[in-house]
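Take a look at the letters that make up each chain.
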Amino acid sequence: MSTTTQPLMPPKERVFRERVLLQSLLRKDAALNGPVWLPLVLVLGALSAVAYADHLVVSISLVYLYILPIAVGAIFLRRQVSYSLIVVCVLFHDYDSSRPIVPALRLFHNLSAMLCFAFVVYVMQRYMQQREALAKTVQQQRDDLLKDVELAGQVQRLFLPSGKPSIAGLEIAGMMHPAQGVGGDYYDYFPIDAYTTQIVIADVAGKGVPAALLMSATAAAMRLEANHDRGMLEQVERLNTGILSVSDSDRYVTLLVAEINAQKRTLRYVNCGHNPALLFRAKKGAVSLMNSSCPPIGLSPEEICELSSEELMPGDVLVLYTDGVTEAENQLEEEFGMERLSAIVRSGSSLSAEDLMSHIYNAAADFCGDKFGDDVTLLVVKCNFDGSSALSS
């Protein structure tokens, strides 16, 4: 006689079905957060402890101690399971208690205990429902806020340059990496004529949405000024008036704006409280600093600045950056600093502008473990002149 055997369920499928069964007993939030067995262990542990005490004590009724496992169950278990637990607790007490009592009084105690337990379950379930509703509302608001921040980031990126000015003899590369979804850094470059380009880098005090809004205002004002035939000092003065009118005393902008003439091989710049740019001199193999000459934009009604200038040679490299680069910290709370940045510029001066920019960013990211505390912006200009003598002005 032949016998048929049922195929054994695969271990993975059996574990999966057991997990689904356990999750069907728990509330939705309890089933999704943490191990599914832990709430059941807490409920069964509380129930066992109370049942054991109820069995040992004969002199008085301990039925109301069952409120402990019932309250714990109301927090973690589904509504139907929580109310079913009431019946289980009362039956445990009624079966296990050896205390002699009149049947009518026993029935009264059991019914009153069930009503009390049902009220506790109802209150706890209502509390958990309100808590879940609040958590869902907060999560929805957080998701909406993240969408708004992402939209703000997309708008902010519209102010960044989409192309590069075609100036013979100049190679330009720029990037901006916000520490959050939006940032307070800004860079841009505008062609003035066939031989001249204007570059700008700015850093708004603070981070997040407020800094991004002021950055957008700064970017819009700079692009508006670039369309007019004005000198850099006049641009800075008008920008200071505009930023001062839309910001408070806690918000200001550090800015460095420069003009590079590839035909005359000259660099003119104004540094308004910004980090000193690095100018690598290929002939000397040394790095000089383009220090600040006036206060940041938006601090005082009058912006009295000085216009500085430098002569450029073939192979010279100009590096503009924000403090997110130099103030990047490693695990020992050491800053990346100017010395490391200068050393990288010197060693990478033979690279293209794009490669040097990437090399600087990667070095800072490796130093801080890719955990920048502030927005990171870099702007690199490399002078690839043909070696002929510069035309006099």
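What counts, and where the lines are drawn
Residues numbered from 1 in each chain as written. Predicted model: local features only at pLDDT ≥ 70, side-chain atom pairs only at ≥ 80, totals over all residues. Heavy atoms only, no water. Helix = DSSP H or I, 4+ residues; strand = E, 2+ residues; numbered from the N terminus. Pairing = 2+ DSSP bridges. Axes fitted to C-alpha atoms, helices over the stretch in contact; angles between N-to-C directions. Contact = heavy atoms within 4.5 Å. Expected span 1.5 Å × (residues − 1). Patch = residues over 30% accessible without salt bridge, like charges linked within 9 Å, V, L, I, M, F, W, Y side chains within 5 Å. Areas by Shrake-Rupley, 256 points an atom, 1.4 Å probe, with all protein chains shown as cover. Salt bridge = Lys/Arg side-chain N within 4 Å of Asp/Glu carboxyl O. Lys, Arg positive; Asp, Glu negative; His and termini not counted. Charge placed at Lys NZ, Arg CZ, Asp CG, Glu CD. Buried < 20%, exposed > 50% of the residue type's maximum accessible area, 1.4 Å probe, protein only. Left-handed = near helix turned anticlockwise from the far one by under 90°. Nonpolar A, V, L, I, M, F, W, Y, C, P; charged D, E, K, R; others polar.

## With respect to unusual backbone geometry
With phi around 55 degrees, Arg265 is a residue other than glycine that occupies positive phi space. Considering the arrangement of structural elements, one finds Arg265 in the loop between β4 (253–261) and β5 (266–272). One non-glycine residue, Asp370, lies in the positive phi region at around 60 degrees. Locating Asp370 in the fold gives a position in the loop between α11 (353–368) and β10 (376–383).

## Points about the sheet that holds β4
With respect to topology, 5 strands assemble into an open sheet ordered β2-β3-β4-β5-β8, the strand pairing being antiparallel. Of all the strands in the sheet, just β2 (185–191) and β8 (308–311) have a single pairing partner and so form its edges. Direction aside, the axes of adjacent strands within the sheet are offset by 15 degrees on average. Bridge count between strand β3 (residues 196–204) and β4: 9 bridges; the pairing is antiparallel. When the sheet's bridge partners are listed, Ile199 is paired in β4 with Ala258. Packed onto the sheet, helix α8 (residues 232–246) meets β3, β4 and β5 and runs at close to 155 degrees relative to β4.

## Quick word on α11
For α11, with 16 residues, the first-to-last C-alpha span of 23 Å sits near the 22 Å given by 1.5 Å per residue. Its buried side turned inward, α11 meets β1 (170–177), β9 (317–321), α9 (323–326), α10 (337–347) and β10. Once α11 finishes, Gly369 follows within two positions and takes phi at roughly 70 degrees, a positive value.

## What to know about a negative patch on the surface
On the surface, a cluster of negative charge is made up of Glu327, Glu329, Glu333 and Glu335. By the element assignment, Glu333 lies in the loop between α9 and α10. Judged by relative accessible area, which is 62%, Glu333 ranks as exposed.

## Notes on the packing of α10 against α11
Contact geometry of α10 with α11 gives a least axis separation of 10 Å together with a crossing angle of 145 degrees. Read as a crossing pair, α10 and α11 show a hand that is right-handed. Only Leu356, His359, Ile360, Ala363 and Phe367 of α11 make contact with α10, whose side of the interface consists of Arg340, Leu341, Ile344 and Val345. Classifying every residue of the contact of α10 with α11 by side-chain character gives 7 nonpolar, 1 polar and 1 charged.

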